[in-house]
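# Structure assessment
So the chains spell out like this:
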Amino acid sequence: MPHYDAGQVRWHAPVRRPSKIVCLALNNSANADRIMSGPKHPASFIKGANALIGHGEPIRIKPIYGRCHPEPELALVIGAPHV
């Protein structure tokens, strides 16, 4: 089995074409200006598949988006391989 140096590999998003991306909204910001109390129950929202990028890929932010606040996200992939 071939071995590759991780620094020489282009890492894609873990799922190329997900059927859905469901997110939970909680505020755990490290920015003191943004810290608020979280919701009493989980609040969910969806993101488009075009929100995914691979490790080290640039995040493209257009000026028309206005103020953007980058924050890390933890992802969990649920599914079964297609055979």
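Below or above, wherever it landed, is the structure these notes cover.

Locating Lys20 in the fold gives a position in the segment before β1 (21-25). What makes Lys20 exposed here is its relative accessible area of 60%. In this structure the C-alpha to C-alpha distance between Lys20 and Ala49, which are 29 residues apart in sequence, comes to 7.2 Å.

With that settled, consider the environment of Val77. Among the secondary structure elements, Val77 is positioned in the segment after β2 (43-47). Judged by relative accessible area, which is 53%, Val77 ranks as exposed. Each C-alpha atom of the pair Val77 and Pro18 lies 9.4 Å from the other, and the pair is 59 residues apart in sequence.

Reading the values: rules and limits
Residues numbered from 1 in each chain as written. Predicted model: local features only at pLDDT ≥ 70, side-chain atom pairs only at ≥ 80, totals over all residues. Heavy atoms only, no water. Helix = DSSP H or I, 4+ residues; strand = E, 2+ residues; numbered from the N terminus. Buried < 20%, exposed > 50% of the residue type's maximum accessible area, 1.4 Å probe, protein only.

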